[in-house]
Structure formats: C-alpha cells, structure tokens
Amino acid sequence: MDASRRTLCPGRASLTSHQAERTTPVTQTSSLHDPDARGFASDNYAGIHPEILDAIGRANGGHQVAYGGDLYTGQVQGVFQQHFGAAAEAFPVFNGTGANVISLQAMTERWDAVICAESAHINVDECGAPERVGGLKLLAVPTAQGKLTPELVEVAAGGRGDEHRAQPKVVSITQSTELGTLYTVDEIAAIVERAHARDLTVHLDGARIANAAAALDVPMRAFTTDVGVDVVSFGGTKNGMMIGECVVVLNPDAVRGMVFLRKLSMQLASKMRFVSVQFDALLSGDLWLRNARHSNAMATRLEAAVRDLAGVEVQRPVQANSVFATLPAAVTERLQSRYPFYVWDESSGEVRWMTAFDTTEADVDGFATALRAEMATEAGSPQSG
Ligand SMILES: Cc1ncc(COP(=O)(O)O)c(C=O)c1O
C-alpha cells in the first residue's frame, strides 16, 4: 500500500471509542413529536391504545416458542373463534397488504383471477403486491361508492373455461369500504350467494371490519361467517393495535398452503406473541367495539359540523369513520398545515378526513371551526370572485 493511500485510510475505529462519542438519544428524555397533536389523515396515524400497550408489556419477559408456537398465539385462536365461529383458523401477520396477498394466493390457482372494486385497496394502494408478489390477476370493476353487487360479479365472472382468459375464482370485497361506505348484511349475503353459485369464493378485506360491525350494530360474524364469506383479512392496526393483522380462514376448503404461504410471503413473525397478545387485548373484551364506535361517532360528528357549510360538499354517505368532501383547493392547503389530511382525488380536489379511536370531540370541533374560518376568508378573498 503506498503512503497516500495509507493517509486516506484511517485506523479502524474501536467499538468503545464509537460508543463514547455518542450522545444520549433524545428519545430517552422526550418524544420527537407532540403527543397531543392529532389530525384527520388516517386511522394509521393514531398511536397504540393504552390497554394494548399494557398487554404487550404483560407478554414480555422470559422465553416463548418463536413463530407462533407461543402461548399467546395459542390463546388467540379461541378468541377469533368466539367472534367467527368454531371453524375459524387465525394466522396473525404483520400488515394488511400481507394479509390480502396471502389470503388471495391461498384461494387461487396460478391461472385464476380475483374480482374486486376498482377502488379496492388491493387494486390501488398495495403497490401492485397482489400482482407482483402474489402473481394474481385482478379484475377491477368500476362501482358506485366502492361496492360490488351480485350483478357486477356476474358480469366480471364471464370467460369461465375459456383457455385464453384468466379464470375468475375469488370475489374480494372491503368492509367498511375504502370510500367509507358499508355493505349491509343482506348485500354481502347476496354477493356470496351469487359468487358461490358461480363456483367463486369470497374474500373480505376487513382492515376496518370493527368499524363496520359497530356501524351496523351486529357481531362481525353476521356479515362474514353467517353469510358464507370464506376468508377474512382482519384488521387490528387501524383500531388501536401497534402492528398486526390476521388472516382468518372461515372455510378451510377455500384455501390451500396457508401454513407455508405466510413464511413465503415474509409475513411470519418470529416473536409472534407480541402480535397475538394485541388481538387478545382487542378482542377478548369489548375494546374493539369501544374503539370502533368512538371512531365512527367522531366521523358522524364531523360530518354534522361541516354539512351545511357553503362551498363544502360531502361527497359520500358517512357510514364508518371517514368523511369525503370537496372544498376550495386554497382552503385545503391552508388547513393541511394545521391538521394533516389527504387529498383523495387530485383531479376533483376531493379530500378524505378520517377519524380514529383517539380522535376527541375537541379535535373535531376545533377542525370544524378552523374550516369555517378558512371558508369565510376564502369567500372574502378577491380571487374567490
Ligand atoms: C381497505 C384496506 N385494506 C388493507 C389495508 C392494509 O394496508 P397495510 O398493508 O398498510 O397494513 C388498508 C390500509 O390502509 C386498507 O385501507
């Protein structure tokens, strides 16, 4: 090695000197964020419900079998069975995209296709994971307010037996939908009936299944197990959990390879007890329902507060925990700097305001007041004509 090279190549740092140079992590003394600041961007922006955080702490300490062989994962099977019936089998996973991709892979052969609404999360918000990771063909159908119907399923289910066509095999619906709307129990029953009559199985993306049950005021099994839904992607994260969703197989004949697909899809948690214990805390008592009812009630309150504001148009029925509205773009921009929320549709300016288990009445009222003030400013501005 020549001399110039040596000077460019400093001596190897020791771990001791590296550690000595480090300062105290800021998170040891304070939060990096304001723990009292909340907006209307997403129920995923919310933190962890304190009862769930406590449960994670109780599952800590000692050693437990990894990859789901632990006592907490064993226990949570019974908890899901209480909600979905004795045949239900639960497979905890990390996230909703994973739950959907695993479910749909388990329900299809390589030549099969999945019928879904054009607005479905699997179609628009999973970065193509169902296609690229799951190898799935999606048959996306334009719908009114994000809801499939038996008639739409019938049309999309054409081409069975045609060797040139991907074979429709699964109908995937979302409850509550991506647009904040709900299927009634009868509407889901009718879709399942039509699907099964056409030899199709039914998957339900339940990222917000608790919000749906709370809004319909029925147990979750009323619009899943009891009407013949085959597989559910059960959502916990948006309803107060830290991390975790669950594939719940209601009809074992509708799937194959579940045991292997979870690992293959990189969704098999090694320390699964900490995912499972959260489901236990959420579902053993009424926490799931309390959180969902509250979140829904905050959306209803928000809609009532903005409904009559001139220039603000609520675009969709408010049936779960989100409000979709159009308003002047300048108002959206100014409001967003105080209360984070998303523009849902850039072309129309439609925004989504979403509530969570920890949204307070004061949050809603404060936001509505700010919106009213911004609309008044806008009405008085010269550009508004
Ligand atoms: C309808 C729906 N399905 C699934 C998911 C889960 O997505 P993630 O992979 O981010 O947990 C979401 C999250 O926004 C969703 O809204």
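Small disclaimer: the values here were computed from a predicted structure and weren't measured.

A. Spatial organisation of the overall build of the chain. Counting secondary structure elements, the chain contains 15 helices and 11 strands. Classification of the 385 residues of the chain by burial places 48% in the buried group. Sequence separation of at least 24 residues holds for 75% of the intrachain contacts in the chain that already meet a minimum separation of 6. Accessible area for the chain stands at about 18700 Å²; split by element, carbon and sulfur atoms hold 52% of it. One finds the centroid of the 32 positive side-chain charges in the chain at a distance of 7 Å from the centroid of its 45 negative side-chain charges.

B. Quick look at the sheet that holds strand β6 (residues 231–235). Spatial ordering of the open sheet is given by β1-β7-β6-β5-β4-β2-β3, a layout of seven strands whose pairing is mixed. In the strand order of this sheet, the two ends are held by β1 (89–93) and β3 (137–141), each with one partner. Averaged over all pairs of adjacent strands, the angle between their axes in this sheet comes to 25 degrees, without regard to strand direction. Pairing of strand β5 (residues 201–206) with β6, which is carried by four bridges, proceeds in the parallel orientation.

C. Expanded view of the side chain of K238. Topologically, K238 is positioned in the loop between β6 and β7 (245–249). It is D43 that comes nearest to the buried, bridge-free K238 among opposite-charge side chains, at 4.4 Å. Those residues within four positions of K238 in sequence are excluded, and the remaining contacts are D43, N44, A207 and R208.

D. A look at the pairing of β6. Within β6, five of the five residues are buried, which leaves the element mostly enclosed by the surrounding structure. Side chains V231, S233 and G235 project from β6 onto one buried face, and the interleaved V232 and F234 project onto a second face that is buried too. Viewed along the sheet, the connection from β5 through helix α10 (residues 209–216) into β6 turns out right-handed. Taken together, the five bridges between β6 and β7 define a ladder with antiparallel strand orientation. Within β7, the position partnered with S233 by the bridge is V247.

E. How the structure looks around the confidence of the model for the chain. Per-residue confidence for the chain averages 94 on the pLDDT scale, and 95% of its residues sit at or above 70. Every residue in residues 1–7 scores below 50 in pLDDT, and together they form one contact with partners more than four places removed in sequence or on other chains.

F. Representation of helix α12 (residues 273–283) in the model. Counting buried residues in α12 gives 11 out of 11 residues, a clear majority hidden from the surface. Among the residues making up α12, those that are buried are R273, F274, V275, S276, V277, Q278, F279, D280, A281, L282 and L283. At its buried positions, α12 is contacted by α3 (50–58), α4 (71–84), β1, β6, β7 and α13 (287–306).

G. How the structure looks around the sheet that holds strand β10 (residues 342–345). The antiparallel open sheet is built from four strands, whose spatial order is β8-β9-β11-β10. Each end of this open sheet is capped by a strand with a single partner; those strands are β8 (313–314) and β10. The pairing of strand β9 (residues 322–326) with strand β11 (residues 350–354) spans four bridges and is classified as antiparallel. Pairing of V323 across the sheet is with W353, part of β11.

Calculation criteria
Residues numbered from 1 in each chain as written. Predicted model: local features only at pLDDT ≥ 70, side-chain atom pairs only at ≥ 80, totals over all residues. Heavy atoms only, no water. Helix = DSSP H or I, 4+ residues; strand = E, 2+ residues; numbered from the N terminus. Buried < 20%, exposed > 50% of the residue type's maximum accessible area, 1.4 Å probe, protein only. Contact = heavy atoms within 4.5 Å. Areas by Shrake-Rupley, 256 points an atom, 1.4 Å probe, with all protein chains shown as cover. Lys, Arg positive; Asp, Glu negative; His and termini not counted. Charge placed at Lys NZ, Arg CZ, Asp CG, Glu CD. Pairing = 2+ DSSP bridges. Axes fitted to C-alpha atoms, helices over the stretch in contact; angles between N-to-C directions. Salt bridge = Lys/Arg side-chain N within 4 Å of Asp/Glu carboxyl O. Right-handed = clockwise from strand over helix to strand, strands pointing away. pLDDT = per-residue confidence, 0-100.

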